[in-house]
Amino acid sequence: MLQQILEKLKPTQTKLIAVSKTKPNEAILELYEQGQRDFGENKAQELAPKYEALPKDIRWHMIGHLQTNKVKYIAPFVHLIHSADSEKLLQEIDKQAAKYNRVIDCLLQFKIAAEDTKYGFDVAEAETMLQSTDFQNLKNIRIIGVMGMATFTDDENQVRQEFKRLKEIFNIIKTKYFSKDITFKEISMGMSDDYQIAIEEGSTMVRIGTLLFGKRHYASYDSKP
Ligand SMILES: *Cc1c(COP(=O)(O)O)cnc(C)c1O
């Protein structure tokens, strides 16, 4: 399955983040042996022990809502935080990154779904933050793009419209705040069910779990029913 997905991502050079939440280290190593290096987790307390146990050239992506008091567990090593969804969280990431003399790359998560349970900025909120000097003074974070999750629905057209909206938001933020920043270029969108639509709409990173690892059993880690 890994190779099939990689084939589909090749024409657009979209990066694959293998979402390994709730999956054991052996399952991760299986993909690692096939060359996969980018893995995503949605809980800091699950990510930290996996980092300890697994090869150190794995790039770990934090993709789920991150509580400020959990940032410290992943600050020493995390490769990219996709789910930066508030200024308060970004302040804390900056503070923890400074302790380790790091600059941590982050994506601004935007709310694009119709469901109101999803975390994320709206555009006005993000702009207010980006314009504030408090934010501009943060030296240990670097914003390199945006992330979003589409509504959980069979309506492909709705999903496509939501991805189009995220691309639009990316363009607005890029033009207004990062036009000279060549590193601001990532759009993290697309999961197992909708990644092909996401690629068509300009995704640079897809986050795929179920297709690679099979269905999750929601017993311990996952908050879904
Ligand atoms: C679990 C998760 C994914 C992967 O979902 P699948 O449907 O299993 O591919 C992607 N992004 C986020 C934020 C997730 O929590």
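Residues numbered from 1 in each chain as written. Predicted model: local features only at pLDDT ≥ 70, side-chain atom pairs only at ≥ 80, totals over all residues. Heavy atoms only, no water.

1. A word on the site of the ligand
Thinking step 1. In the vicinity of the ligand, the contacting residues are V19, K21, I63, M149, M191, S192, R207, I208, G209, T210 and R216.
Thinking step 2. Residue S192 places a side-chain N or O atom 2.5 Å away from an oxygen atom belonging to the ligand.
Thinking step 3. The side chain of R216 places a nitrogen or oxygen atom 2.8 Å from an oxygen atom of the ligand.
Thinking step 4. Its free accessible area being 390 Å², the ligand has 92% of it covered by the protein chains.
Thinking step 5. Of the residues belonging to the shell around the ligand, the class tally is 5 nonpolar, 3 polar and 3 charged. (Near = heavy atom within 4 Å. Polar contact = N/O pair within 3.5 Å; in protein donor to acceptor, adjacent residues only side chain to side chain. Areas by Shrake-Rupley, 256 points an atom, 1.4 Å probe, with all protein chains shown as cover. Nonpolar A, V, L, I, M, F, W, Y, C, P; charged D, E, K, R; others polar.)

2. Considering the pairing of strand β3 (residues 59-62)
Thinking step 1. Both strand β2 (residues 38-41) and β3 contribute to a ladder of 4 bridges, which runs parallel. In the strand pairing of β3, G40 is matched with H61.
Thinking step 2. A crossover links β2 with its parallel partner β3, the connecting element being helix α3 (residues 44-53), and its sense is right-handed.
Thinking step 3. Pairing between β3 and strand β4 (residues 80-84): 2 bridges, direction parallel. Bridge pairing in β4 places H61 opposite L80. (Pairing = 2+ DSSP bridges. Helix = DSSP H or I, 4+ residues; strand = E, 2+ residues; numbered from the N terminus. Right-handed = clockwise from strand over helix to strand, strands pointing away.)

3. Notes on the side chain of S20
Thinking step 1. With respect to the helices and strands, S20 occurs in the loop between β1 (15-19) and α2 (25-33).
Thinking step 2. A residue is classified by how much of its surface remains accessible, and S20, at 0% relative accessible area, is buried.
Thinking step 3. A distance of 2.7 Å separates a polar atom in the side chain of S20 from a polar atom in the side chain of E41.
Thinking step 4. Excluding its chain neighbours within four sequence positions, the residues that come into contact with S20 are I28, F39, G40, E41, E46, K50, W60 and F213. (Buried < 20%, exposed > 50% of the residue type's maximum accessible area, 1.4 Å probe, protein only. Contact = heavy atoms within 4.5 Å.)

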